[in-house]
Amino acid sequence: MMIGLLRLGFDEGISADELAAALRRHAGDVASEDIDQLAGVLEVYLRTVPDALGAALAISKDPHCGRAVAFATGTILTYVFDEEDLLPEAAYGTVGMLDDAYLVHRFVDSLRRMYPFAAPPIAYEAPDPRTSEVVAAVLPEGVADSLLRTCESTIQVAQALFPSRQGAGTADVPFEPELRVADGVAAAATSPPA
C-alpha cells in the first residue's frame, strides 16, 4: 500500500519537462536539446525509486537477514525523507531527488550482493549501470562516492548489530550469539586495576 502511494506521488510529481527546467538553472551553456535528453534519462531513473524501495522492504521480510535489512532500510529512508539532505528539493526542485534516488538504487544493489539468497518476491529491475553513471555524473563532485560508501557502511553496521541467520540454528534451536566470557576474564587479568 505505502509503495503504491509513493509510486503514485512519483508518477504525478516527476516529469521530464520539470526536470529539464530544474537542470537548466544549473546548466550554463549546455544545449537545450541535450538537457531535454538528459531529463528523459533522469525521469526514468527517478520513477523506479518506489520499486527499489519495495524490493528493499521485501528483502527485509527474509527470516535470515530481515532484521539487518530492515534496520539498514530505515536508515536509508531517513535520508530519503530528510528535507535538508545534500540536494534539498526546496532548493533544487525535482533534481534534488537525484541523490535520494542514487542512494536507494545503489542500496538495493548492495543488498542483492550482500544477501543473494534473499530474493524479493516483487519485480524490480535495477537501472542499467550506464544510467547510474549518468546520474553520478550529474551529482556534485564526490557525492555519488559518498552515497555508495553510505550504502555499504550502513549494511555493514546492520550486519554487525543483527547477524545473518543464514545457515545458523534450526527451527528447534535458534541461532544464539556466544558471549566470550573467557576472553573477558583474560582481558580483565591483563588490564591495570581501576
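Quantities reported herein were computed from a predicted structural model and do not represent experimental measurements.

1. Some thoughts on the packing of aromatic side chains
Part 1: Taken as a whole and judged by the stated rule, the model has two aromatic pairs.
Part 2: Aromatic side chains Y115 and F117 sit 6.0 Å apart centroid to centroid with 85° between the ring planes, which places their arrangement in the edge-to-face category.
Part 3: Its relative accessible area of 4% is what places Y115 among the buried residues.
Part 4: Judged by relative accessible area, F117 falls into the partly exposed class, the value being 31%.

2. A closer look at a nonpolar patch on the surface
Part 1: A cluster of nonpolar side chains, contributed by F71, V157 and L161, occupies part of the molecular surface with about 260 Å² of accessible area.
Part 2: Look at F71 and you get partly exposed, because its relative accessible area is 35%.

3. Focus on the pattern of salt bridges
Part 1: According to the stated counting rule, one finds five salt bridges in the structure shown.
Part 2: Between R24 and D36 there is a salt bridge, and its shortest N-O distance comes to 2.6 Å. Within this pair, whereas R24 is found in helix α2 (residues 16-24), its partner D36 is found in helix α3 (residues 32-47), the two being separated by 12 residues in sequence.
Part 3: Relative accessible area serves as the criterion here: at 34%, R24 is assigned to the partly exposed category.
Part 4: D36 gets classed as partly exposed once you look at its relative accessible area, which sits at 39%.

4. Digging into the packing of helix α5 (residues 66-80) against helix α7 (residues 98-114)
Part 1: For the pair α5 and α7, interaxial distance at closest approach is 10 Å and the crossing angle is 170°. Taken together, α5 and α7 sit at an angle that is classed as roughly antiparallel. Each of V69, A72, T73, I76, Y79 and V80 in α5 lies in contact with α7, whose residues at this interface are D99, D100, L103, V104, F107 and L111.

5. A short note on the side chain of H105
Part 1: Mapped onto the fold, H105 is located in helix α7.
Part 2: By relative accessible area, which is 2% here, H105 ends up buried.
Part 3: Once you skip the residues sitting within four places of it in the chain, H105 turns out to touch Y45, T48, V49, A52, Y124 and P127.

6. A word on the nonpolar core
Part 1: Of all hydrophobic cores here, the largest spans 48 residues; its most connected members are F107, L111, Y115 and L139.
Part 2: Counting residues per element, the ones that place at least two in this core are α2, α3, α4 (49-59), α5, α7 and α9 (143-161).
Part 3: The element contributing the most residues to this core is α7, with eight residues.
Part 4: Leaving out residues up to four positions away in the same chain, L139 has contacts with L87, L98, D99, Y102, A144 and L147.

7. A few points about the packing of α4 against α5
Part 1: Two elements in contact, α4 and α5, have axes whose closest approach is 8 Å; the angle formed by their N-to-C orientations is 150°. Considering the angle they form, α4 stands roughly antiparallel to α5. Here L53, A56, L57 and I59 of α4 lie close against α5, whose contacting residues are G66, V69, T73 and L77.
Part 2: Taken together, the residues of the contact of α4 with α5 sort by class into six nonpolar, two polar and no charged.

The rules behind the values
Residues numbered from 1 in each chain as written. Predicted model: local features only at pLDDT ≥ 70, side-chain atom pairs only at ≥ 80, totals over all residues. Heavy atoms only, no water. Phe/Tyr/Trp six-rings, centres within 6.5 Å; stacked < 30°, edge-to-face > 60°. Buried < 20%, exposed > 50% of the residue type's maximum accessible area, 1.4 Å probe, protein only. Patch = residues over 30% accessible without salt bridge, like charges linked within 9 Å, V, L, I, M, F, W, Y side chains within 5 Å. Areas by Shrake-Rupley, 256 points an atom, 1.4 Å probe, with all protein chains shown as cover. Salt bridge = Lys/Arg side-chain N within 4 Å of Asp/Glu carboxyl O. Helix = DSSP H or I, 4+ residues; strand = E, 2+ residues; numbered from the N terminus. Axes fitted to C-alpha atoms, helices over the stretch in contact; angles between N-to-C directions. Parallel < 35°, antiparallel > 145°, perpendicular 65-115°, else oblique. Contact = heavy atoms within 4.5 Å. Core = buried A, V, L, I, M, F, W, Y, C linked by side-chain atoms within 4.5 Å. Nonpolar A, V, L, I, M, F, W, Y, C, P; charged D, E, K, R; others polar.

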